[in-house]
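The chain contents come next:
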Amino acid sequence: MELTAAIEFDIRDVNDQPAAFRDSFEQVDVAEESGFHSIWLAERHFQPQRSVLSSPITVAAAIADRTERVRVGIAVQVLPLNHPIRIAEEAATVDQISQGRFNFGIGRSGLTISYSGYNIPYSESRGRFWEALEVILKAWTTDEFSYEGEFYNFHNVRLMPKPVQKPHPPLRMACASLESFARAGSMGIPIFVNVGFGTFEDLKARIDHFSEAWRQAGIAGEPDVGIRVPVYTASDPERAREEPRESMLAFYQRQSNLMISRLGDEGVTDPEGMRRRAEALAQLSYEEVLDSRVVFGAPDEVVGQFRHLQKELGIGMVVADVNAGGRVPPDQVLQSMRLLGKEVAPVLEKQIN
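Everything numeric in this text was worked out from a predicted model, so none of it was measured. All residue numbers here refer to positions counted from 1 along the written sequence of the relevant chain. Local features in this predicted model are restricted to residues whose pLDDT is 70 or higher, and side-chain atom pairs enter the listing and the counts only when it is 80 or higher, whereas totals over whole chains, interfaces and linings include all residues. The side-chain numbers reported here are obtained from all heavy atoms of the structure, hydrogens and water having been left aside.

## Side note on the pairing of strand β11 (residues 317-321)
- Only protein chains enter the calculation, and the probe is 1.4 Å; a residue is then buried if its accessible area is under 20% of its type maximum, exposed if over 50%, and partly exposed in between. For helices the rule is a DSSP run of H or I covering at least 4 residues; for strands it is a run of E covering at least 2, with both sets numbered from the N terminus onward. Among the five residues that make up β11, five are buried, leaving the element largely enclosed by the rest of the structure.
- Only strands joined by at least two bridges in the DSSP assignment are considered to pair. With five bridges connecting them, strand β1 (residues 2-6) and β11 associate as parallel partners. Bridge pairing in β11 links Glu2 to Met317.

What follows is the structure, given as structure tokens:
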């Protein structure tokens, strides 16, 4: 099992944006030094209280330049918001800069604020996503191509540079709807699942849906599932559970607010159900969070929880959200990451199969 890190470039003070970059690049350095397999960067738009990570491909290039070992990826590049040829060029450039250490995570995102800010109808997101992916793969794998679709049309395009990795950087797709799980499985695309809005148990049926589609399509190998989950460790197990308390409660309040903000958006088919789920998130007790939504504890406890999740959900990669909520002090985040990299990652690689 691979242990990777989600580094959010959280903003603690909107008046001190340089601190968000400084603190997060320190996390990158620790991930490189301590043994994390990969670093993942989100794409965040128009959320000034949350993150400065609106241009993850630029940040990925900076990370590639300052590291030598760790892989760097986008989790995820929101394909409908960007021109697919431009994405293909920039991602291939990062793959060149990193000498083949780039991972290409893709998705649509459920945050409609991003679409309204870019003046793109969310109702077009699914169609734009699949067309963009087709264009990007053609651009990477052919010397010259043309394409005619509903949203994109190109004639005799020759992309430069091409990626180092052949046929292209590894893909991984974020899934939320059953349709997305099934389609990714049938195409043999590895996936991300995020425990952010639910529990570990909530994910099981969706992962099973993906795995069944994978097997029915005759895809070689085992279904490839990565789970994104808040992770925190300390040598004292009580500290490991208590230090992230404020940040985690803020995280679920933010998740609740995001759901509430979407109630009037296009594509929301069950607003009352969404309202109930948002209210439930806002009312979560910390004991409920610890029980079924996070992996917190001393290093040996964290390994045990990952072993259980691997058995129950069939996951092969963990994307550790090392500061979910963004309120854990920077020095504590770095301490947790060092323990995870040095005491958890090697055990996961050797003992969990």
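## Quick look at empty space enclosed by the protein
- Think of a 1 Å grid over the protein atoms and nothing else: a 1.4 Å probe that fits but is trapped marks a cavity, an open set flanked by protein within 12 Å on at least five of seven lines marks a pocket, and residues with an atom within 4 Å of a point count as lining. Grid points are joined across faces, edges and corners, and a volume is the space filled by probe spheres set on the points. A complete count under the given rule lists two cavities of 30 Å³ or more for this structure.
- A volume near 90 Å³ is recorded for the largest cavity.
- Forming the walls of the largest cavity are 13 residues, and the residues nearest its centre are Asp10, Arg12, Asp23, Gln27 and Asn323.
- Within the residue set of the lining of the largest cavity, elements represented by two or more residues are α1 (17-34) and α13 (330-351).
- By residue number, the principal contributor to the lining of the largest cavity is α1, which donates five residues.
- For the lining of the largest cavity, a count of residues per class yields six nonpolar, four polar and three charged.
- Lining the second largest cavity are Pro230, Val231, Tyr232, Pro244, Ser247, Phe296, Asp321, Val322, Asn323, Ala324 and Val328.
- For the lining of the second largest cavity, the residue count by class is eight nonpolar, two polar and one charged. Three residue categories are used. Nonpolar comprises Ala, Val, Leu, Ile, Met, Phe, Trp, Tyr, Cys and Pro, charged comprises Asp, Glu, Lys and Arg, and polar comprises the others, including Gly.

## A short note on the environment of Pro121
- By the secondary structure assignment, Pro121 is in the loop between α4 (112-117) and α5 (125-141).
- Sequence spacing of Pro121 and Pro80 is 41 residues, and the spatial spacing of their C-alpha atoms is 9.7 Å.
- In this description, contact between two residues means that some pair of their heavy atoms is separated by no more than 4.5 Å. If sequence neighbours within four positions are ignored, Pro121 has contacts with Tyr115 and Glu266.

## Some words on the pattern of salt bridges
- A pairing counts as a salt bridge when a side-chain nitrogen of Lys or Arg comes within 4 Å of a carboxyl oxygen of Asp or Glu. Tallied over the entire structure, the rule returns 17 salt bridges.
- As a salt-bridge pair, Glu8 and Arg44 come within 3.0 Å of each other at their nearest N and O atoms. Taken together, the residues span a long stretch of sequence, with Glu8 in the loop between β1 and α1 and Arg44 in the loop between β2 (38-41) and α2 (56-66) at a distance of 36 residues.
- For Arg44, a relative accessible area of 14% translates into the label buried.
- A single network of salt bridges, built from pairs that share partners, joins Glu8, Arg44, Arg228 and Asp321.

## A word on the layout of surface pockets
- Approximately 420 Å³ is the volume found for the second largest pocket.
- In this structure, the second largest pocket is lined by 22 residues; those nearest its centre are Gln47, Gln49, Arg50, Ala250 and Arg254.
- Breaking the lining of the second largest pocket down by element, the ones donating at least two residues are α4 and α9 (245-261).
- Ranked by residues supplied to the lining of the second largest pocket, first place goes to α9 with seven residues.
- Counted by class, the lining of the second largest pocket contains six nonpolar, nine polar and seven charged residues.

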